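Structure assessment
Here is how the chains run, residue by residue.
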Amino acid sequence: MNERRVVISGLGVVSPLGNTKEAFWNNLVAGKSGIRTIQSMDTTNYDCKIGGEVVDFDPTPFFNNHKEARRADRFYQFAMAAAKMAVKDSGLNPDAVDPHRVGVMVGSGIGGLGTLETQYQILLEKSPSRVSPFLIPMMITNIASGMISAEYGFMGPNMVIVTACATSNNNIGEAWRIIKFGDADCIIAGGAEASIRPCGLAGFGNMRALSLRNDAPERASRPFDKDRDGFVMGEGAGVVVIEELEHAKKRGAEIYCELAGYGATADAYHLTSPHPEGLGAMKCMEMAMRHAKLNPTDVGYVNAHATSTPVGDLCELRAIKRTFGDYATKGLLVSGTKSMTGHLLGAAGGVELVASIYALREGVIPPTINVDNLDPEVDVDICANEARPAKIDAALSNSFGFGGHNAALLVKKFVD
């Protein structure tokens, strides 16, 4: 049996940099920051007061009516919007495909945190009888995948993988594996997150994980900079349509790129800290390249996880250098786009895969902004502060999550 090749045919983005893929990319290459003082909640009693919020977002057009949209948690609203944009972008006609061969895997690291907070407050202040009957279906992380499939009648593999900040990459990667194995021809995959909420901000803040540059929000997320002091929470969704090559060609789809490799490993090290030498991340990247049948020097760009934490950025740097050897400092381009979006947690990988696909197609590497004083240990080219024209044939996108989860996706230019 011939090996089944997998391609990407549709993109959908909701982000702090814009709610279409075009707005997202244009602001990204312009080096624009989507971080601001949080407007959606009162931050008076919080040490961190900044985040990458999605603005000017109306969920109603993506649902059948206003009531349906209102009964969806914000993360689910983002997921549905990004999924519908991706499906439309792909030209996929639900009436012209076998519904049993089309699946959905759109995950979330945290799920309906806003719904849980609101309804728990009602429980405490009023009574159990006043808690919404929609609490559970609004809160659970699988609801977006389930309802996206119901919206289109897609009856293929439907599930979500929850691996904290590696969630999107694991969902997209395992969808890739399902298609290659022959159990589906097309899967809508990615992640969504909406945890800029009182509990979310308090929880991450009390871990001392967040940046406290409240006086200059747009300069707070600074991967690889010596003065980085933590990550900035973001929200949004990134969803892609991936499908088997012949299925895409038969329906005349525009093919953005080939999804050629996927790696998934564990650090088996610590609750929240990555392995100091990046061993799990290294094996993850090596696995993705092995699946893609590529050598390290074939990869032109790495979209780094690069959250802007003092420990995490350097652990990833060591992993990249172990993976790519001398080439890491002699030709490889790396950037941390969380410097502009903040950290979208379970949605980060989906959004960053879209950035990597655009970099591949447009021949432009998005920058790592806010690099005023490069960390002395950083000796790779991180495209500091300005986008860089570069002809690349393959790109790797990394995502790592609490619990030691590592997931990498490798895309390359499509050649028939």
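Placed above this text is the structure.
These notes cover the structure that comes with them.

Thresholds applied
Residues numbered from 1 in each chain as written. Predicted model: local features only at pLDDT ≥ 70, side-chain atom pairs only at ≥ 80, totals over all residues. Heavy atoms only, no water. Core = buried A, V, L, I, M, F, W, Y, C linked by side-chain atoms within 4.5 Å. Buried < 20%, exposed > 50% of the residue type's maximum accessible area, 1.4 Å probe, protein only. Contact = heavy atoms within 4.5 Å. Helix = DSSP H or I, 4+ residues; strand = E, 2+ residues; numbered from the N terminus. Polar contact = N/O pair within 3.5 Å; in protein donor to acceptor, adjacent residues only side chain to side chain. Phe/Tyr/Trp six-rings, centres within 6.5 Å; stacked < 30°, edge-to-face > 60°. Expected span 1.5 Å × (residues − 1).

Here the focus is the nonpolar core. Counting 47 residues, the largest nonpolar core has Ile8, Ile187, Ile242, Leu259 and Val411 as its most contacted members. What Ile8 contacts, discounting residues up to four positions off in sequence, is Val240, Val241, Ile242, Glu254, Ile255, Tyr256, Cys257, Leu259, Leu353, Ile357 and Val411. Among the nonpolar cores identified, the runner-up in size contains 35 residues, and Phe62, Ala83, Val97 and Val104 belong to it.

To continue, consider the side chain of Ser108. Following the sequence through the fold, Ser108 ends up in the loop between β4 (102–107) and α4 (113–125). Engagement of the side chain of Ser108 in a polar contact is seen with the backbone nitrogen of Gly111, the distance being 2.9 Å. A distance of 2.8 Å separates the side chain of Ser108 from the side chain of Glu193, its partner in a polar contact. Setting aside its immediate chain neighbours within four residues, Ser108 contacts Phe75, Thr141, Val162, Thr167, Ala192 and Glu193.

Taken as a whole and assessed by the stated rule, the structure comprises nine aromatic pairs. On the numbers, 6.2 Å between centres and 70° between planes, the contact of Trp176 with Tyr262 is edge-to-face. Taken as a pair, Trp176 in helix α7 (residues 167–181) and Tyr262 in strand β7 (residues 257–266) lie far apart in primary sequence, 86 residues in all. Here Trp176 and Tyr262 have matching classes, each one buried.

Below, the discussion takes up helix α3 (residues 74–90). Compared with an ideal rise of 1.5 Å per residue, which puts 17 residues at 24 Å, α3 spans 24 Å between its outermost C-alpha atoms and is within 8% of the ideal. Following α3 by one or two positions, Gly91 adopts a phi angle in the positive range, close to 75°.

Here the focus is the environment of Ile179. Within the secondary structure layout, Ile179 lies in helix α7. Note on Ile179: relative accessible area 0%, which makes it buried. Taking C-alpha positions, Ile179 is 15 Å from Asn169, a pair spaced ten residues apart along the chain. The residues contacting Ile179, other than those within four sequence positions of it, are Arg4, Val6, Ala184, Asp185, Cys186, Ile187, Ile242, Glu243 and Glu244.

A separate point is the environment of Pro128. Along the chain, the position of Pro128 falls in the loop between α4 and α5 (135–139). What makes Pro128 exposed here is its relative accessible area of 62%. Spatially, the C-alpha atoms of Pro128 and Ser149 are 32 Å apart, while their sequence positions differ by 21 residues.

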